[in-house]
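Fold and geometry: a report
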Amino acid sequence: MKTSKLHTGFFITIEGCDGVGKTTHSFLLAESLKKKSLDVVSIREPGGTKTGELIRDLVKGKLDVTPMAELLLFQAARAELVEKIIKPALLTKKIVIADRFIDSTIAYQGYGRGIKIDNIHILNGIASDNIIPDVSILLDLPISKSLNRSKDRDQKKQRTQTRFEDESIEFHKKVLQGFRSIAKENPARWNIVNTSENKKLVAKKILNIITAKLDKTYY
C-alpha cells in the first residue's frame, strides 16, 4: 500500500486484542509526553467524531451485521476521524496517539472475520488517506488472560457493548495471530510489549520506545 508522510507531526498507534490495556497505556503515554511539554492529541477507533461515536455504538453493540458491512462501518468512522482530527493535528506538528487504527481492521476483519486482506488494504488506504503510523506498539498478552481482563473490566463498568468480547476464543486467537503477523512483517514500525508485567513497568517500556523514536525523527 502506498504510504503518505506529508506532515510534520508524529503518529503513534497502540494496538492489540481486547483486554490488553490499550486504553490505559494510551492515556499513560499521553500524560507522560504532556509532562515533556509536547502537544498531544489522543483518539480512539472507532470514535473521536460525532459520526464516529455513533458508528462505535453500532459496531460494538448487539448489531446483527455482515462482516463486510462491519468493515465498511469502521472505514466510514476512520475517514471522518482522519479528515477532521488526525490530518489537521499532524499538519500542525502535534503528536497523535491512537487507540487502534488500520492494523486492527486487518487483524479483526481480515484474520478474524476472513475478509480478503488485499481488499482491506485498499479500503484502509482510501479511508486513512494512506497515512501510516510512525510507530506502532503491539500490547501482547495470552488470549486467556486478555479475555479475563476484558470481562472483569466490562463487569466493573457495567458495559453492555460487548459484541467483540463475546466472540469465541478461536476468533480471538485468530486476531492475536493476525497482530503478531502484521508486526513481524514490519519490524521497523512495530514494537511488541508484553503487558503481563506490572502496569508501571509496561508504561515505562512504552515511554522509552516512543522517546527514542521521537529523538530520531521528530525533534
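Please read these numbers as outputs of a predicted model, since none were measured by experiment. (Residues numbered from 1 in each chain as written. Predicted model: local features only at pLDDT ≥ 70, side-chain atom pairs only at ≥ 80, totals over all residues. Heavy atoms only, no water.)

Points about the sheet that holds strand 3 (residues 95-99)
In space, the five strands of this open sheet follow the order 2-3-1-4-5, with parallel pairing throughout. Edge positions in the sheet fall to strand 2 (40-44) and strand 5 (190-194), since each of these pairs with one other strand and no more. Within the sheet, the average angular offset between the axes of one strand and its neighbour, ignoring direction, is 20°. Sheet topology places strand 4 (residues 135-140) next to strand 5; five bridges connect them, and they run parallel. Opposite Asp140, over in strand 5, you have Asn194 as the bridge partner. (Pairing = 2+ DSSP bridges. Helix = DSSP H or I, 4+ residues; strand = E, 2+ residues; numbered from the N terminus. Axes fitted to C-alpha atoms, helices over the stretch in contact; angles between N-to-C directions.)

Points about helix 3 (residues 67-91)
For helix 3, built from 25 residues, the straight-helix expectation of 36 Å at 1.5 Å per residue is met to within 8% by its first-to-last C-alpha distance of 34 Å. The axis of helix 3 is deflected most strongly, by about 50°, at Val82. For helix 3, every residue scored as buried is listed here: Glu70, Leu71, Phe74, Gln75, Ala77, Arg78, Leu81, Val82, Ile86, Ala89 and Leu90. For helix 3, the secondary structure elements touched by its buried residues are strand 1 (10-15), strand 2, helix 2 (50-60), strand 3, helix 4 (102-112) and helix 5 (117-128). Once helix 3 finishes, Lys93 follows within two positions and takes phi at roughly 65°, a positive value. (Expected span 1.5 Å × (residues − 1). Bend = angle between axes of the 7 residues up to and from the residue. Buried < 20%, exposed > 50% of the residue type's maximum accessible area, 1.4 Å probe, protein only. Contact = heavy atoms within 4.5 Å.)

Looking at the pairing of strand 4
Burial runs high along strand 4: six of the six residues are buried. Burial along strand 4 is two-sided: the residues Val135, Ile137 and Leu139 and Ser136, Leu138 and Asp140 are all buried. Bridge analysis of strand 1 against strand 4 gives four bridges, and the strand direction is parallel. Considered in strand 4, the bridge of Ile12 is made with Val135.

Observations regarding helix 2
All of the buried residues along helix 2 are Gly52, Ile55, Arg56, Val59 and Lys60. Buried residues in helix 2, looked at end-on, bunch into an arc of 115°, giving them a common side. Structural note: helix 2 exposes Lys50 and Leu54 on the side pointing more than 90 degrees away from its buried face. Against the buried residues of helix 2 lie strand 2 and helix 3. (Arc of directions from axis to C-beta.)

Here we look at the packing of aromatic side chains
All told, the structure shown has five aromatic pairs when counted by the stated rule. Between Phe11 and Phe101 the ring centres are 5.0 Å apart and the planes differ by 75°, which places this aromatic pair in the edge-to-face class. Taken as a pair, Phe11 in strand 1 and Phe101 in the loop between strand 3 and helix 4 lie far apart in primary sequence, 90 residues in all. The pair formed by Phe11 and Phe101 is uniform in burial state, with each residue classed as buried. Taken together, the aromatic side chains of Phe74, Tyr108, Phe164, Phe171 and Phe179 make up a single cluster linked through ring pairs. Lying across the ring of Phe101, Arg78 places its NZ or CZ 5.4 Å from the centre. (Phe/Tyr/Trp six-rings, centres within 6.5 Å; stacked < 30°, edge-to-face > 60°. Lys NZ or Arg CZ within 6 Å of the ring centre and 35° of its normal.)

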